[in-house]
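# Structural description and commentary
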Amino acid sequence: PALAEMEFKWGGLWRTRAHMNRYYTGSKDDESMDLSRLDNRLRLTMDFKFTDHLKIFNDIEWDAVAGSNLSGGRDTPVGTLDRDSLRWRIAYVEADLGPTNHRVGLQSYALGNGFIFDDRFAGYRGVYIGEGSDTKFRIPFVFIKNQEGGDGEFNMDKDFVYYATM
């Protein structure tokens, strides 16, 4: 049965570091730029393979910063989350449908060997794999929405959008 092929892979990393700046301005009398911080990062990767033709990939990053003199000059106790602490780095579905491969979601891609684009984006990546008389060929198509430039459904004048076939 199809469910017998399901695979789950979990991975990740945990990082903790602490640092302190004292007399950062060069004067013992000026403590305006002194700080002491503790930061943690948890990165969790999850790959779900339902069949050889349907896979889901996730990469989540969770940061926690605590200490003195954080953004805005406020102090936070250990265990308090700073803003923007949980991020989805990668979250996409990959489907192999015969001679085509499709990826939809938040993913990484290098366009033009990284000279044109090399970053994470939200969008679609598809490729048609065909066979000629003596060789295989690929026809890829990419829709990349790299940056949301304006608020609202119809305010797309400042968005960074790429369409590419190669």
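Just above, that's the structure.
Now for a description of the structure that goes with this document.

Thresholds, definitions, all that
- Per chain, residues are indexed from 1 in the order of the written sequence.
- Since the coordinates come from a predicted model, pLDDT governs what is reported: local features require at least 70, and pairs of side-chain atoms require 80 or more to be given and counted, while whole-chain, interface and lining totals use all residues.
- Side-chain numbers here rest on the full set of heavy atoms in the structure, without hydrogens or water.
- In this description a helix means any DSSP run of H or I spanning at least four residues, a strand means any run of E spanning at least two, and both kinds are numbered starting from the N terminus.
- Contact criterion: two residues are considered in contact whenever any of their non-hydrogen atoms come within 4.5 Å of each other.
- Per-residue and other accessible areas were derived by the Shrake-Rupley procedure at a 1.4 Å probe size, with only the shown protein chains allowed to occlude residues.
- For patch detection, residues must exceed 30% relative accessible area and be free of salt bridges, and they are connected within 9 Å for like charges or within 5 Å for nonpolar side chains (Val, Leu, Ile, Met, Phe, Trp, Tyr).
- Here a salt bridge means any side-chain nitrogen of Lys or Arg lying within 4 Å of a carboxyl oxygen belonging to Asp or Glu.
- For the purposes of these results, a polar contact is taken to be a pair of N or O atoms within 3.5 Å, where, inside protein, one atom must be able to donate a hydrogen and its partner to accept one; residues adjacent in sequence count only when each atom of the pair is a side-chain atom.
- Two aromatic rings, drawn from Phe, Tyr or Trp (for Trp, its six-membered ring), form a pair once their centres lie within 6.5 Å of each other, and the interplanar angle then sorts them: stacked below 30 degrees, edge-to-face above 60, tilted otherwise.
- Nonpolar cores are built from buried Ala, Val, Leu, Ile, Met, Phe, Trp, Tyr and Cys residues. Side-chain atoms within 4.5 Å join them into one set.
- With a 1.4 Å probe rolled over the protein chains alone, any residue whose accessible area is under 20% of its type maximum counts as buried; one over 50% counts as exposed, and the rest are partly exposed.
- The pairing criterion for strands is at least two bridges between them, as found by DSSP.

## Some words on the overall build of the chain
Across its full length, the chain holds 0 helices and 8 strands. In the chain, once contacts between residues fewer than 6 apart in sequence are set aside, the share between residues at least 24 apart is 41%. Surface exposure of the chain reaches about 11,600 Å², of which carbon and sulfur atoms provide 56%.

## Observations concerning a nonpolar patch on the surface
Taken together, Phe8, Trp10 and Leu44 make up a surface patch of nonpolar side chains, about 340 Å² in accessible area. With respect to the helices and strands, Trp10 occurs in strand S1 (residues 7-21).

## Topic: the environment of Ile129
Tracing the backbone through its elements, the reader meets Ile129 in strand S6 (residues 117-131). For the pair formed by Ile129 and Thr100, sequence separation is 29 residues and the distance between their alpha carbons is 6.1 Å. Residues within four places of Ile129 in sequence aside, it is in contact with Pro99, Phe137 and Arg138.

## Side note on the environment of Ser27
One can find Ser27 in the loop between S1 and strand S2 (35-51). Separated by 3.2 Å, the side chain of Ser27 and the backbone nitrogen of Asp29 make a polar contact.

## Considering the packing of aromatic side chains
Ring pairs (aromatic) are described by centroid distance and by the angle formed between their planes. Summed over the entire model, instances satisfying the criterion amount to 6 aromatic pairs. Centroid distance Phe8 to Phe48: 5.4 Å. Interplanar angle 75°. Geometry classified as edge-to-face. In this pair, Phe8 sits in strand S1 while Phe48 sits in strand S2, placing the two residues 40 residues apart along the sequence. An aromatic cluster is built from Phe8, Trp10 and Phe48, whose rings are joined through pairwise contacts.

## Structural notes on the nonpolar core
By size, the foremost hydrophobic cluster in this structure holds 7 residues: Tyr109, Leu111, Phe117, Phe121, Val142, Ile144 and Ala164. Put simply, the parts of the chain that give this core at least two residues each are strand S5 (100-111), S6 and strand S7 (136-147). Look past the residues within four positions of Phe121 in its chain and what remains in contact with it is Gly105, Leu106, Gln107, Ser108, Tyr109, Phe143, Ile144, Lys145 and Asn146.

## Quick word on the pattern of salt bridges
Across all of its chains, the model carries 12 salt bridges by this definition. The shortest N-O distance in the salt bridge between Lys49 and Asp52 comes to 2.9 Å. According to the relative accessible area criterion, Asp52 is partly exposed, its value standing at 42%. Residue Arg87 pairs with Asp63 through a salt bridge whose shortest N-O separation is 2.4 Å. With Arg87 in strand S4 (residues 86-97) and Asp63 in strand S3 (residues 54-67), this residue pair connects regions lying 24 residues apart in the sequence. With relative accessibility at 30%, the residue Arg87 sits in the partly exposed group. Each of Arg41, Arg43, Asp59, Glu61, Asp63, Arg87 and Arg89 takes part in one network of salt bridges that share partners.

## Brief notes about the pairing of S6
As judged from the 12 bridges shared by S5 and S6, these two strands associate in the antiparallel manner. Counterpart to Arg103 in the pairing with S6 is Arg125. Joining the antiparallel neighbours S5 and S6 is a turn of 5 residues, in which Gly112 adopts a positive phi near 65°. Across 10 bridges, the pairing between S6 and S7 is antiparallel. Following the sheet pairing, Ile129 is matched in S7 by Arg138.

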